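What follows is each chain in one-letter form.
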Amino acid sequence: MTAAEVGGAGAAGGPLRLGTRRSPLARAQSEMVAERLRATSGRAVVLVEVTTQGDVDRAPLRQIGGTGVFVAALREALLEGRVDLAVHSFKDLPTAPAPGLVLAAVPPREDPRDVLVGAGGAGLGDLPVGARVGTGSPRRAAQLRALGLGLDVVDVRGNVDTRVGFVTSGRLDAVVLASAGLRRLGRHDEVTDVLDVDQVLPAPAQGALALECRADDDATAQACAALDDPAARAATTAERALLAALEAGCSAPVGALARPAAGEGGGLLELVAVVAATDGSRVLRRSVRGDEAEAAELGRRLAAELLADGAADLVADGAPAGSAAAGAGGGSLGGLPAGGALDVAPDAVAGPDHGGAAAAPPVEPPPTRPPVDTPVAPVLPDEAGTPPLPIHPSSPALRPAGTPPPGSQPPPGGTSSTRRTPGTAQTPPADARGSSSQESEA
Ligand SMILES: NCc1[nH]cc(CCC(=O)O)c1CC(=O)O
């Protein structure tokens, strides 16, 4: 890095201290932002690792407060002046405002869609009835189940390495992840299918980053401003306003995506959202269009319509992981009882994934190897606490020749017009094995 011009405007004259968690994804995201900041501001930027309770405590993540602990620790470091800037996966941020902090920038968004990493290059359409598909997100689970493909949705947790490892090791037929995470980790070539947003909507703000700094730190805010992308900010504003208005958390079965809508002169936004029962038995899907300048209002309006459709019941349904999902026959890895979860690495990717697992204590996966994670992925105590399954992050074993990674196309333009599809009731395929569905996470 080049310490071109340390100091500058305000700050202490030293380098900009960017607080980051130590997970591979968090570090990758932070480094990307740091690089951009160095280029645009000419200031030196250093990464400062912030250890969170979630990284240290061996207790299951959900017992120490869920993903919120990661965000909370970074914010605490900010407020205490230990770091000047924090980079969050936007979808993991609570919708409630953080006193004393500001959203300094929303950089250009990465592909917001969910993707599939399937064994043998399998895409969604290749999966047979009963195929075991892993995800820990109620949002993904609900939408996958609602597809009616007879998939056996298995509750999994952990960072990208861990989750992809379930497929590599043959324990699962596929896992669903955020395209953005894999891309930022340079692992997009492992993707075997990109889930169409008409089937599975991503979590609000998925694929976007949020740069946060102290409200009174003008120098840092100014440096960050250069990275802000108005389009990404508008879209995420709409999606998160919807989430907030639904009073749903990051683990609720709520998907949303705002995209530029075709129209004269631009400035139009189309917001599509889904609220689903985790067992896939009910799906509320609606969309609205409006002025990009009124993004938040768009989100609130769509939320109001969904609430009028009965969304509140479904949102509440998202919480107890052991109930709805298990009741629907949600399977789990390694022959674990239904409702069991593979809880391994609540790492960078652990966000909204562990939706409301509070009720369902993690079922220990069959002891396999020592909890040694890959060198790249520091083993979080939490993941160490639960014997991880074999982890082979970069194993290309997944992709058989001739299966090009399909994840390259950008999100389809304006797919859904202002159409509303209230209450698409679908019965989850109740196969004999008692579990069929898929999911999508927040
Ligand atoms: N659930 C946690 C999480 N938080 C952010 C990402 C990916 C990056 C992003 O969405 O910006 C992920 C992993 C995933 O959902 O697969």
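Conventions and cut-offs
Residues numbered from 1 in each chain as written. Predicted model: local features only at pLDDT ≥ 70, side-chain atom pairs only at ≥ 80, totals over all residues. Heavy atoms only, no water. Helix = DSSP H or I, 4+ residues; strand = E, 2+ residues; numbered from the N terminus. Buried < 20%, exposed > 50% of the residue type's maximum accessible area, 1.4 Å probe, protein only. Contact = heavy atoms within 4.5 Å. Areas by Shrake-Rupley, 256 points an atom, 1.4 Å probe, with all protein chains shown as cover. Pairing = 2+ DSSP bridges. 1 Å grid on protein atoms, 1.4 Å probe; cavity = no way out; pocket = protein on both sides within 12 Å on 5 of 7 lines; lining within 4 Å. Points joined across faces, edges and corners; volume = space filled by probe spheres on them. Nonpolar A, V, L, I, M, F, W, Y, C, P; charged D, E, K, R; others polar. Core = buried A, V, L, I, M, F, W, Y, C linked by side-chain atoms within 4.5 Å. Axes fitted to C-alpha atoms, helices over the stretch in contact; angles between N-to-C directions. pLDDT = per-residue confidence, 0-100. Left-handed = near helix turned anticlockwise from the far one by under 90°. Polar contact = N/O pair within 3.5 Å; in protein donor to acceptor, adjacent residues only side chain to side chain. Salt bridge = Lys/Arg side-chain N within 4 Å of Asp/Glu carboxyl O. Expected span 1.5 Å × (residues − 1). Arc of directions from axis to C-beta.

Q: Which parts of the structure should I look at to understand the overall build of the protein?
A: Within the protein one finds twelve helices and 14 strands. Expressed as a percentage of the 442 residues in the protein, the buried residues total 59%. Counting only contacts in the protein whose residues sit at least 6 apart along the sequence, the fraction spanning at least 24 positions is 76%. Carbon and sulfur atoms make up 56% of the accessible area of the protein, which totals about 15300 Å².

Q: Help me understand the sheet that holds strand β8 (residues 174-178) in this model?
A: Sheets are built from strands paired through backbone hydrogen bonds, the pairs being either parallel or antiparallel. Here we have five strands laid out as an open sheet, ordered β7-β6-β8-β5-β9, and mixed in their pairing. Looking at strand neighbours, the two that pair on one side only are β7 (152-155) and β9 (193-194), the edges of this open sheet. Where strand β5 (residues 114-118) meets β8, five bridges bridge the pair, whose relative direction is antiparallel. For V117, the partnering residue across the bridge sits in β8 and is V175.

Q: Looking at this model, I keep getting lost on the pairing of strand β11 (residues 254-260). Mind explaining?
A: The side chains of a regular strand alternate, residue by residue, between the two faces of the sheet. Of all seven residues that make up β11, six are buried, and the element is covered over most of its length. Direction of pairing for β11 relative to strand β12 (residues 268-276): antiparallel, over a ladder of seven bridges. When the bridges of β12 are listed, V254 appears paired with V275.

Q: Would you take a moment to explain the layout of surface pockets for this structure?
A: Rolling a probe over the atoms, with the probe sized like a water molecule, indicates the empty space that remains. In this structure, the largest pocket encloses a volume near 380 Å³. Considering the residues around the largest pocket, the lining is formed by 18 residues, among which F90, T95, P97, L103 and R240 are closest to the centre. Counting residues per element, the lining of the largest pocket draws most heavily on helix α8 (residues 230-245), at six residues. The residue makeup of the lining of the largest pocket, split by class, is eleven nonpolar, three polar and four charged.

Q: How should the nonpolar core be read in this particular structure?
A: What tends to happen in soluble globular proteins is that the nonpolar side chains get buried as a cluster. Counting 26 residues, the largest nonpolar core has L242, L246, V254, L271, V275 and L306 as the members making the most contacts within it. Among the secondary structure elements, those contributing two or more residues to this core are α8, β11, β12, β13 (282-291), α9 (295-308) and α10 (311-317).

Q: Just checking my understanding: could you explain the sheet that holds strand β10 (residues 209-214) for this structure?
A: In space, the five strands of this open sheet follow the order β2-β1-β3-β10-β4, with mixed pairing throughout. Strands at the two margins of the open sheet, each flanked by one partner only, are β2 (45-49) and β4 (101-105). Strand-to-strand, the axes of this sheet are offset by a mean angle of 35 degrees, without reference to chain direction. The pairing of β4 with β10 spans four bridges and is classified as antiparallel. Bridged to V102 within β10 is C213. Contacts between helix α7 (residues 218-225) and the sheet are confined to β1 (16-20), β3 (85-89), β4 and β10, with β4 contributing the most and set at about 30 degrees to the helix.

Q: Even after reading the chapter, I still don't get the environment of V275, so can you show me in this structure?
A: Note that V275 resides in strand β12. Owing to a relative accessible area of 0%, V275 belongs among the buried residues under this scheme. With 74 residues separating them in the primary sequence, V275 and L201 have C-alpha atoms 9.7 Å apart. Setting aside anything within four residues of it in sequence, one finds V275 in contact with L246, P253, V254, R282, V283, L284, L306, A311, L314 and V315.

Q: Would you mind going over the confidence of the model for the protein with me for this structure?
A: The pLDDT averaged across the protein works out to 75; a share of 65% of its residues lies at or above 70. Counting interchain partners and residues more than four positions distant, the pLDDT-below-50 stretch residues 1-11 has 21 contacts.

Q: How should I be thinking about the packing of α8 against α9 in this particular structure?
A: A pair of packed helices is characterised by two quantities: the angle between their axes and the separation of those axes. Where α8 meets α9, the axes come as close as 7 Å, and the angle between the chain directions of the two elements is 35 degrees. Crossing handedness for the pair α8 and α9: right-handed. Along the contact surface, α8 presents A234, T237, A238, A241, L242 and A245, while α9 presents A295, A296, G299, R300, L302, A303, L306 and L307. Among the residues forming the contact of α8 with α9, the class breakdown is eleven nonpolar, two polar and one charged.

Q: Would you explain the environment of R214 in this entry?
A: Secondary-structure assignment places R214 in strand β10. Judged by relative accessible area, R214 falls into the buried class, the value being 15%. The contacts of R214, once residues within four sequence positions are left out, are R17, L78, G81, V83, D84, G100, L101 and V102. Here the side chain of R214 touches V83 through a polar contact of 2.8 Å, landing on its backbone oxygen.

Q: Honestly, the side chain of D114 in this entry has me stumped. Any pointers?
A: You can see D114 is positioned in strand β5. A polar side-chain atom of D114 sits 2.6 Å from a polar atom in the side chain of R140.

Q: So what exactly am I meant to see when it comes to the environment of L78 here?
A: Counting through the fold element by element, L78 comes out in helix α3 (residues 68-79). Separated by 23 residues in sequence, L78 and L101 place their C-alpha atoms 8.2 Å apart. When residues no more than four places from it in sequence are discounted, the contact partners of L78 are V83, D84, L85, A86, L101, E212, C213 and R214.

Q: Where do I start with the pattern of salt bridges in this structure?
A: A side chain of one charge can pair with a side chain of the opposite charge if their charged atoms are brought near each other. With the rule as written, the count across this model stands at 23 salt bridges. Residue E239 is joined to R109 by a salt bridge in which the shortest nitrogen-to-oxygen separation is 2.8 Å. Placement of E239 in helix α8 and of R109 in the loop between β4 and β5 is noted, with a sequence separation of 130 residues between them. Its relative accessible area of 0% is what places E239 among the buried residues. Residues joined by salt bridges that share partners form a network here, namely R17, D84, R214 and D217.

Q: Is there a simple way to explain α9 in this structure?
A: Between its first and last C-alpha, α9 extends 20 Å over 14 residues, near the 20 Å set by a 1.5 Å rise per residue. Listed in full, the buried residues belonging to α9 are A295, L298, G299, L302, A303, E305 and L306. Buried residues of α9 fall within an arc of 160 degrees about the axis and therefore sit on the same side.

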